[in-house]
Every structure is written in structure tokens, then in C-alpha cells.
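What the coordinates show
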Amino acid sequence: MTEFLQLLVLGMATGGFYTMNALGIVVVFRSSGIINFASGGVAMVGGYLEWQLADVWGVPKGAAVLGAVLAAALVNLLIYVVAVRPLATAAALTKVIATLAVLVSIQQAIVLIFGGLPKVPNPFLPIGTTRIGSLQVGQDSLIVLLAAVVLTGALWLVYRSTRFGLATSALAEAPRSLSALGWNVDRLRAANWAVGGALAGLAGAGLGPILQLTPGSFTSLLIPTLACAMIGGLRSFPLTLAGGMLVGAAQVEASRYLSWSGSAQAVPFLLIIAVLVLRGRSLPLRSYVQERLPRVGSGEVRLPVLLGAVGLAAVLASVVQEEWVIGATISMMTATVLLSQVVITGYAGQLSLAQLTLGGVGAVVAANLSASYGTPFLVSLLVGMLAVIPVSLLVGLPSLRARGVSLAIATLGLAVALNAVVLTNSRFVGGLAGLRVEPQTLFGVGINSTLYPRRYFLVVLAVFTLLALAAANVRRGRSGRRLLAVRNNERAAKALGIDVTGAKLYAFVLAGVIAAAGGVLLVFNQALPQFTSFDPLAGLNSLVGAVLGGIGFVPGAIVGGLFNNNGLPNAILHPVVGDWTWWTQVFPLIIGLALVLQLIANPDGLAAPLTRSRRQSGKATAGSGPATAGSGPAADGSVPAADAPGAAAGGSGVASRLGRLSATAQRSAAEERRRSGYARELAQVDPAARRSRGCALSATGMRVEFGSVVALADVDITVQPGQVVSVIGPNGAGKTTLMDAITGFVPSSGTVVLGEQRIDRLGAHRRARVGLARSFQSLELFEDMTVMDNLRCASDPQDRASLLIDLVHPSRGAVTPATAAAIEAFGLHDKLDRLPTEIAYGDRRLVAIARALAGEPAVLLLDEPAAGLSEFERGEVARMITSMARDWGIAVLLIEHDVQLVRQVSDHVVALDFGRTIATGTPEQVLSHPDVVRAYLGTAPAVPAPLPTETGLIGSVALEQRTGSAPAHTTAPRR
Amino acid sequence: MNARRTVQLGLLAAVTVAGSAACGGSGESAEAGTGSSSPIRVMATGALTPSSSFGGISFPYGVTGVKAAAEAINAKGGIKGRKIQVDTCDTKGDPNVSAQCAREALSNKDIAVLGAFDPLGAPQQLGVLEAAGIPYIGGLPTTPAEYSSPVSFQFDPGPVLASTAIAKLWVDSGCTTVVAILPANPGNDQLAAQQKQQAQALGLKITTQLVQPGIADVTPSLTTALATKPDCFTYGGDGQTSVKYILAARKLGYTGKFLTSSGSLLPQFLAPLGAAGDGIIVLNSALQPTSDDPMVKQFAQELSDHLKGNPGEIAKNSNEFAQVGWSSVQLLKQAIEGGSDASAKGLLAHIPTMCDVNVGNVYPHVNFCKTVATSKSLTRVYNNQWQYFVAKDGKYVPTDNTWHDLTSTFPRS
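My aim in this report is to walk through the structure given alongside it, one point at a time. Keep in mind that this is a model prediction, so the values were computed, not measured.

**Side note on the environment of B:Lys229**
All names here are of chain B.
- Looking at the element boundaries, Lys229 is found in the loop between helix H7 (219–226) and strand E8 (232–235).
- Since 10 C-beta atoms lie within 10 Å of it, Lys229 is described here as exposed.
- On a C-alpha basis, the gap between Lys229 and Trp386 in space is 28 Å, while along the polypeptide they are 157 residues apart.

Here is the structure:
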């Protein structure tokens, strides 16, 4: 017991070190929403500078520490100004990669300036031992722990009580609101980066004498530091401190009491997973701010180009010098691993940092099979790929409760655990002697990479090509649409009946299998299989390659593969550069800075412009803003004509003008082809053939509680087919919560019956599948997809077979009669090939309703469909709502602030306030009900106003005054 | 071409150029040949630039030793009138680059790879060298592949044997209760088990621990270890972590001995330790460069000549890595002068017939005609003799100037 307690105390002291480092990361995250991987580098700057000032130049310790802290603050501020601020509109992932690039640069700068040997700063804290009963702990460690506690308390107070702190708390989520309140958002962020840098610098200066200084000192703290920041939800200072204690103690106790290999590294991350399960959400809240992700390619494959490229590569491989072939093999194997990142992060939007390690797991399985049983190469490859499926599912599990950076840290943690438990475990990797694998053959032909590097290249080329085709096929097929839908908006995806859980796990499995193929290829390229190159930090580097190449594009994987130091570019230029040693020394520094520049220049990756669709060319020519007719896209991933020589933007010569003309001509032709394709598809479908499946919706006793707050209290509502029932009430009345409860988006009690079927025990996507469709107040269209694909998402059959069939034969999806009818009803023909961001706001609202209709719903729940529309558009919406009910036989439940619209379309109205029903009846009855008027005005009118028959009434005016919605519209005639 | 595209292409070009420098290798002349006047081409490999695999440290010393010896021999007319041309290749601590280095040796028509220290990439190099039939001579072996490959001829016992040989040093240093910590690298669990077995066979009480490689805070693991009240403590990983353990142990009041192999605490790591380094006992397979032995002095002189008398560089390179590189050239010279063709094939045939080789008195005489011991994974061990040293004022000094044959501690599994 004493030993347990002793270790607990020591572990908590180590946790103090983690906390010191984590506080700076939390401060930066709170203000900018990104994880600053460079924080470890900034801490090193603090540590080394303190040593240089105090121990080399003789500056008094106190002044040296102060100087180090200020310098670190300045460095972090510079990181923000130079590397992060220019990426303001880029994906969070891109920003994270930028900070990683800065970390690489700082580390290398330190190697160049101070060398690799350890520096041992003279301690400025007492170094004796303090005894507490039978327990002992170093005095310096104890002081660091106390400092961590004090700093945590100070930060907690500052960020809770001061204007600066409160503004920062609002910064990551609502910068525009903050700006509207007069805050300079940029300066506020910069200030937080400086504070984060100062904290890192303090950690560096304080921990330097205890941990010693090497270029990797603080990088080795990165993973446990992230773990404790994660436990603090990347926001809470006290919980970060608690996380530090927990992680430190768990590591120490696990290494002492758990006998399984790698337990000390693995246990902290099991803690993270536990925290995620407890604190995560299966669906993001309405307030969840979707992180912007890099752009994705279309997945279109031009077969002649592909065959030509593969054929050319094969021919070149047989004639060029062997070094080039070997370099190309390494690039292509790396590209295979990066391809998995394209699927999981590019297509599915899941930030997985475990892909390379998953590749390693596949490699371990394949190498063991080959070493133990002499299995043929192809069998080892396939089994390695399949064996990784359960592990991929395990890695994917956190994605069901976590998103964005939280998921990234969780997957990084699992990668650490897998590395510790599998990839460095003698039992699996052959111990001291390693795994002896016989030279590989394929169909009786030797493909050993040492003896036959050209043949091995062909094998790697073939495997990559097949997997790249499969990935591109998935992108174009129904399963790809599901992944993109989930990536774009989980709530909207569920509302269309998409199984978000299934889609995420499918993406993890598919990406894991691809990564495993890359891992197997990598390991069979070695004379003696080794698994050190699959470690999680190398995985971070591979993610850098993927982002630089273009994480949303299949060709991006190939470009990313070229960034492998030993890849094709190295092989080609090696004879030219020779042993240019000085260059190799400064290379990581220069490349780190160059990466930042590249990310700023092209945040979507190098492949993005190479595969730029004509959509982007069109935008470049037509100017910004919503596209006009003629500037439509070509989602075919082809090289844009506008990128052709002479067509560069800004060119003024005849060639340039000719190039632009040519580009425009090609673009128009492509648009014309596509539109005529859509027209042909639509012509084959009879909109009148849509099924009429309207049936009654009955919700009784609906109750929703958020903690101690009752958001909805025993509300009943019934909608019959062909009927429009509206729900009104002031803001906060519980209208959208009622819709969320009925559709399964928030946990609730009560009974929901659709027709004869009780559906309240079904998940949201299953309720959608049985006929409950909804729209969202904030539209929640899939912005990476064209309008047509948005509609297809709703009408796609949710079959599982497509998950496999799409790999080889992607189905674009047939246009259903309901989709055709929705297109016709809302007049969307000329917008089908546009992205939602390219059409006017009013049209987007129509698309949102059309999308809900395309799924042939029995009941349609519309959340403020007329918000923000012009008078004319509102009239159109009113007409459509009535038509949906009367002509399509759908039961419509409408939430709307526009009283005139409510009056115009509703058969029945339910008024809510504070989660309770305050009135029901016809529109006239409810809108003049005293409780309703009181709910809006705060008090009942002294004299009830008469109900006008045609135009506005006091209730409606009051309603708009209270809600601040669009001005009263009293002129539209009532139908 | 717009500015953005220019940046992209510029970056690609930068990556390409920079990446190409990763395996920087070229000799003094591009001319290759096997004629009687053409140079004898050999390759020296090592992590010439700081590698993250080695905690940001480079290991160019082996290459320096090879070059120093080759320059001295060339200055005296070469081997049988032929100059030695040293091609170099930077492995960067990356196994893939190591394999490329071996392939480069093949395309250069190098007749041997000399003086390598490649803990991560040696098996990859050997895979290529075996296929190409190129001997791998006189490195600092760190992997079982180097003790078992048919093209590998090692005269330094290396860290793998040191991990069990140290059991005898514990006994000879008067230890009774030992704590031995190793980084949890693949295979080290087996080494730890063998270490424990050897120590117990020699009557010692021993506690072994595997810790996370590159661990930041060593205090918790150390506290657990010191709870057994050892009189001897050993860390068998990298120098940076060794420094941490030693300083932390002293801080925790540990007054016993520190013992390790010199590979785990190179002389340059004694400086950061200051006075805390005094008294550390190390096992080393070569005489220290400061030895009075005439041939060791020759090594020191030739190293100094190669480094043009630069004291800082001389101090940095005066270590076992440079010695093993220098000695590997002596072995090559003796083999060719002793009748081998100056070819890879000739060396592979001739070296196994060299039964009494003096590679420069840095090492004891080595017999390549028969192994001193074999086990399942270590089949070609030609030397397991060690010297004991103690650290004093930032330097290692021999304790008894005796070669200790520690073959009895050879790991049998």
C-alpha cells in the first residue's frame, strides 16, 4: 500500500509537469479552437533560453526566467501572426498541420543552435526531498506541482471573472458576435497566443533543470500533455489539472502493477476514451459549430488517362535507373497509407491520427503469417488487410461520441496504445532476432524488393491503383454520398435516414484496410521486417504529407507520397545534390517554414489545383458571390482549362485571352453536357408516379429535460395526412425542441406514433426511414455536394450492399419520382449542378424543403421554412406547404414565426411557452388567445383586439416585436 | 504561371532537392573500376546528420574513423598501390535510407561497407548486401542480424552482448543488489530476461525494468527501482536518458554505483553530468582513444590529421565509433595484403580464413576462423572481450588495462 501511495504521489508530481505544458495549449484552444502542436517547441525555447541566459551568460536566474517567458510569449505570438492568422478561413486540420510544421522548424533550429547533447541547467528550485510520513517526493517536483495548481487557479479566475477572460470564452464559438460588441477579435486571439506562449515558456524554464534539455525533451511530453488537456475538454483549467494528476498517476501505477507490455503508454488513453464516452455526444448539439474541412475531389476517373498513366509508369519502371524505381516504390507505398487518410478524413471528415499505426498492425499480421507459415504474398496481404478490420472498428469507436480535435487526440491515443501493445511487443515482432520472412513471390514470380525492385514496384503500383480506384468509386457512389453527408452535417444526415454510426465505422474500416495494405507493402519492402516506422509520431508526419498533398483528393495521396524524404524526388536529384551536408542540416528547418507558406498559399493541398474542377475555374472567371448562369461547375475532377498555359488569371496577352476563351468554351460545353444529362434523367421519370404515403403523426406526453431545466413538459400534438399543424411560441418556448424530440434528435420521454407504428424507441435515422422528414431552421444543406446530390442523398436507398458494390461499381443513384416532383415543384432545374453556396439564399431554403420531400415522407416537419425570405418567396413557400398537404397527402408540422404564413396555411395551431402548451385551436383562436398574446407581449392587452379577417392583428405584430423576426407581412391575401 | 502555382512548384522543387540530400554519398572521384590502378571503393555509412531516431543526435564518427584510416593509408601509397576511395551515405537513422545506402554501395561497386553504426537499419542494409554479396565489416553491431548474416564480420561485441556481459562487471565491481533498466524497445524484454538470468546465475539480486523510450520524467520509475535498495544501478538505453537517471538518482539520495556500457553513456555525455559523472563504471569493447598503446596512438594521430588538428572535432570524434571505423579499414588492408582479391567476392572468401587478426590493438586479436559462441539468433560472434573503465573528470580511464573474456555470459536463447 505504501508503494502504491508513493507512486501515486510521484505520478501526481509528474502530472504537474503535464499540466504546466497543457495550460498553454488550453489557453490557445479556448481562443482559436485549434491545438497548438508547436507549444512543445515554444517550451523548449523557454528552457534553452533560460539556460543560455543564466548558465552561459551569467544573468541572474530570476531575470533569465523572466526573459525566457517573455521570449516564449513573443515566439507564440509570432506563430499566430505568421502561421495561423493567414489561415483564418482554412480548415482546423490545416491550422493544426501549420503548428506541426512550426514545431519541426523550432526543433531543428534548436539542434542547429544548441546541438543534440543534453543541457543540464543549474537548478533554481530546491532539489532536496520532502518526506510526508513514509512517502517522499522531490522538492522541485512538489514546487512545480504547486505552481501548476496556482496557475490553474489564476487562469480559472482570469477567464471566469475578467472581461478579457469572458471575451476569450466567447471567442472560439462566436467571434462575430464578439466583434459586434466592439472587441478586436484578432488582438484578443493574439493576446491569448501570447499568454499561451508565456505559459509554455514558464514550463520550459521551470522543467528544464528537472527534465534536462534536449531537442526532444518537450516533444516527448506532447502525448500525455494532450491527454490531460483532453480530459479538461480543452477548455477547463481545473479539469486539465485533474487530468494531469490522473494521467501521471495512471501511467506510474500501470507501469508498476500491470504486467502487459505497453500498459503505461496505453492506460492514459483508455482514460481518454472513458472520458469521451462519458462526456461525448452521439449527435452534436444544435449549437455545434461544424469545423471546416478541406475541399474534396469528385472521385471522377478518366479511364484513358488512368490507363495511360499506369502504363507509362510501368514502362518507365523498366527503363529508368533502379534508384528511381526504388524511390518511386517508397513514394507509392506512402501514398497508399495516405490514401486511407483521404477516405477517413477527406471523405468522412473524421480526424484520425491512427492510420499509419493501423498500417503497422496489418503489417505485423502479414509478416507473422509469412514468417510462421510461409504464406504466399497475396494471402499475407489480404489477411493483413482483413485482420485490421476489428482494430479499425476499435479506433473508430470514439468517433461515435467525439468529433474534430477531440477525435484526433483520441485516435492518437489509440495509436500510442497500439504501438505500445502490438508494434513494440516482442511477442508480435519477433523479439531480438526479428521476423525472418522468405523472399516473396507472386504467381511463382519473385517479387523480393531487394532482388527485383522493378517487379516490386509493379506490385505496389497495381495495389495502389486498385485501392485508389476503389476509393474514387466510393466517392462517386451512394456510400460516398453518405460519407460526405456525415462529414458535412451529422444532424442533417440523420434527418435523411443515413445511419451516421454505420457510415463512420464503414469509413474507419475501409480506411483501415487501405492503410493495412500500405503497411504490408512497406514491411515487405524491407529485408527484415521492422515496425519502428509505424509509430504514432511518424503518423503525424504522414498526416502532414496527406494535408500538403490534398487530403480530399485521391491524387493528393500521390503528391503527399512524394514528400517522403526517401521518395522519387530524392532518387532523381540525389546524384545532383550529392552529400550536400549543410543542406541536409538546415533542410528540416527550411521545409518546416516552406510548409507553412504552402498551407497559406493552398490550404486544400497541392492536388487541389491539379484536380481543380471547372467549378473553381468558373468562379475565378465569373468573380465571387453566388454563381450566375453560365458559371456552373463540372464536378468531374478534371484539370481545369483555365489552368492551361496562357490561361492564367491576370494574363493580358493574346495567348492568355485565347486560353480564357478556350476555357470558357470548354466549361460551357461541360455544363451543357451535364445539364442535358440531368434533363435526360429527369425525362425518364414521371413525377406523378411518386408514392403517396401520408399518415398521421401523434406525439403525446413529450417531455425533454436538459439537466434540471424542463425544456418541454408533456406536450401533445397530432397531425393528420393532408393537414398542416403549426407550432408557435416566443423564442425559448420549446418549438424546435419539440421537433427534435419527435424526430429523435434529443432524448425525450413520451409516445410518438406514426400511422400505426410506435417510433419513439427508434433512433433519429430510423424514424426518418419510416417516413418522418424534417428541415432545419439553419438549413443544414450539404455544402460539399451539388443540389442534385443533396436531393439524391434523401432518395438514396439506405442499403448495405452498396457499401461493397460501390467499391467496384459505384451507383450514382436513380432519380426517384419524388425527387423529380420536388425539383419540378420548387423549380430547381437550373440549379441542380450548383453547390448550395453558389445559389441565392431563398433558393437554398427551397432546396432544403425539396430535399426533405425527395425522401417521400409521410410526415414533414418544417422548422421556420420562411425565415429570411422575401415576400414573394414566402408566398411561394406558403403555396408549396399547402400543396404538400393537400396534393401530396403529407402531414405537415410547421414551426414558424411568420404569423401571416401560419394563418395562411395552418389547419390547426399549437402555441407553446416555456415548454408547455398554452393554447390550441384554429389559427384565429390561438393567435388571439390572451395567454398567447401575453407570452409574446409579456402582458395581456387590456382590451382583446378584434380578429381581422384579411390583414395583421395585434398578436402577429406583438409576436414579431418579441421575437425580432422579419417585419409583419400583412398584405398577402389569405388563401 | 501565377504566384500560388510558383510557390507550389517551388516547394516541390525544394522538397525534391532537400530530400535528395538525405542520402548524400559520393566519393572523391566518380570514377569506379576494378583495374589495378583504380581506387578500391568502399562505403562508410552512418547517421551523419542529427536524427530524430537518436534524439536529435548524429553519429558521423564511424565514417570519420574510416576516412581517417583511408587517408593515412593513401598517404603511404594505398593498399598494394591502390588508393582507397570512401563513399559515404547518410542513413539518417531511417531503415529505408539504410537499405538505399546498401543499394548505392552496390551501384558504386563498393567492395565492402565499413564501420557502420545502424541500430535501426542494419538488418535492411544486410538484406541488400547479402543479395549483392558485399561484406559488412567492422561496424558497431546492435542487432542480431549483424551477428548472424553470412556477409557480416564483426570484431566489436557491441551493445547486444554488452547487455549480458555487464552481469560480470556487476560481480567484478562488488555489486550484490542490482537494478537494471532498459528502454522498452522491441526485443529488449528478451534482453532484460537474459540479463536477469545471467545476474541470478552469478548470485546477484536483480530487479529489471522496461521503461518508455525517451521518457521525460524518470523519477517515478527510479523511485520504484531504488526502493529495492540496490548498490548498483544500470541504465542500458541512450545517453540522454542515462544522464537523466544518474542526476535523478543522486537527487533521490542514491549513493551506490552506476554501471553501464560505454555505448549508453558516450564520453561526451560525461560533460553534462559534471561531478555526478565521476565514478561511473563502464564496459567497453575497445581501448579508450587516450590509451598509451602505440597503435591506439596511431589511431589518435591519424584522426587528428584527418580533422586537421581541430581540438573540438578531435574531442568529439575520439570514441569507440571512430575506432571501429578506423579498425575496419585495418582489417580490409590486412585482408587484401594477405591475399584477398580487392573485390567483394574475394573478401567474403578470404576473411573467414583470417585466424589471428590484429585490427590495431584497439581490439584484442580476433579469430575469424571460428566463432567464440553461438546461439539461435547470434550465430557469428568472433569476440566477446571487454575492458573496464571508470569516469574521472569527464573522461574514461581504464581500471585494470585487462581484456576480460565474458563469453561465459553469452546469451544462449
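**With respect to helix H19 (residues 478–488) of chain A**
Residues and elements named next belong to chain A.
- Taking burial as the measure, the eleven residues of H19 include eleven buried ones, the bulk of the element.
- Arg478, Ser479, Gly480, Arg481, Arg482, Leu483, Leu484, Ala485, Val486, Arg487 and Asn488 are the residues of H19 that are buried.
- Those residues of H19 hidden inside the fold are in contact with helix H13 (322–347), helix H18 (453–476), helix H20 (490–495), helix H21 (500–524), helix H31 (787–795) and helix H32 (801–808).

**Some words on the sheet that holds strand E7 (residues 724–728) of chain A**
All names here are of chain A.
- Within the open sheet, the six strands sit side by side as E10-E11-E12-E7-E13-E14. Their pairing is mixed. Edge positions in the sheet fall to strand E10 (772–774) and strand E14 (916–921), since each of these pairs with one other strand and no more. In this sheet, adjacent strand axes meet at a mean angle of 20° when their direction is disregarded.
- Judged from the four bridges that link them, E7 and strand E12 (residues 891–895) form a sheet pairing that is parallel. When the bridges of E12 are listed, Val725 appears paired with Leu893.
- Contacting E7, E10, strand E11 (859–863), E12 and strand E13 (908–913), helix H29 (residues 735–743) runs over the sheet at an angle of about 150° to E11.

**Some thoughts on the sheet that holds strand E6 (residues 709–719) of chain A**
All names here are of chain A.
- Read across the sheet, four strands follow the order E6-E5-E8-E9 without closing on themselves; strand pairing throughout is antiparallel. Every interior strand has two partners, whereas the edge strands, E6 and strand E9 (757–758), have only one.
- As defined by bridge partners, strand E5 (residues 697–706) adjoins E6 across seven bridges and the pair is classed as antiparallel. Bridge pairing in E6 places Met702 opposite Val715.
- The strands that H29 touches are E5, E6 and strand E8 (749–754); relative to E5, the one it contacts most, it runs at about 115°.

**With respect to the packing of helix H4 (residues 92–114) of chain A against helix H22 (residues 536–549) of chain A**
Residues and elements named next belong to chain A.
- Packing of H4 against H22 brings their axes to within 10 Å, and their N-to-C directions diverge by 125°. If you check the angle between H4 and H22, you find them oblique. Note that H4 runs across H22; the crossing there is left-handed. Only Leu540, Leu543, Val544 and Val547 of H22 make contact with H4, whose side of the interface consists of Leu93, Thr94, Ile97, Leu100 and Ala101.
- Its residues assigned to classes, the contact of H4 with H22 comprises eight nonpolar, one polar and no charged.

**Concerning the pairing of strand E9 (residues 257–261) of chain B**
All names here are of chain B.
- Counting buried positions over the five residues of E9 gives four, a clear majority of the element.
- Bridge analysis of E8 against E9 gives two bridges, and the strand direction is parallel. Among the inter-strand pairings, Cys232 is bridged to a residue of E9, identified as Lys257.
- For the crossover from E8 across helix H8 (residues 239–251) to E9, the handedness is right-handed.

**Side note on the pairing of strand E2 (residues 84–90) of chain B**
- Summarising burial for E2(B): seven of the seven residues are buried, a large majority.
- Side chains B:Ile84, B:Val86, B:Thr88 and B:Asp90 of E2(B) all project onto a buried face; the interleaved residues B:Gln85, B:Asp87 and B:Cys89 project onto the opposite face, where all are buried too.

**Quick look at helix H1 (residues 2–32) of chain A**
Residue and element names in this part refer to chain A.
- The terminal C-alpha atoms of H1, which comprises 31 residues, lie 44 Å apart, in line with the 45 Å expected from a rise of 1.5 Å per residue.
- At Ala22, H1 shows its largest kink, close to 30°.
- Here H1 lies mainly inside the structure; 26 of its 31 residues are buried.
- Of the residues flanking the end of H1, it is Gly33, one or two places downstream, whose phi is positive at about 70°.

Reading guide: rules and limits
- Residues numbered from 1 in each chain as written.
- Chains lettered and ligands numbered in written order.
- Predicted model: local features only at pLDDT ≥ 70, side-chain atom pairs only at ≥ 80, totals over all residues.
- Helix = DSSP H or I, 4+ residues; strand = E, 2+ residues; numbered from the N terminus.
- Buried ≥ 20, exposed ≤ 12 C-beta atoms within 10 Å, placed from the backbone.
- Contact = placed C-beta atoms within 7 Å.
- Pairing = 2+ DSSP bridges.
- Axes fitted to C-alpha atoms, helices over the stretch in contact; angles between N-to-C directions.
- Parallel < 35°, antiparallel > 145°, perpendicular 65-115°, else oblique.
- Left-handed = near helix turned anticlockwise from the far one by under 90°.
- Nonpolar A, V, L, I, M, F, W, Y, C, P; charged D, E, K, R; others polar.
- Right-handed = clockwise from strand over helix to strand, strands pointing away.
- Expected span 1.5 Å × (residues − 1).
- Bend = angle between axes of the 7 residues up to and from the residue.

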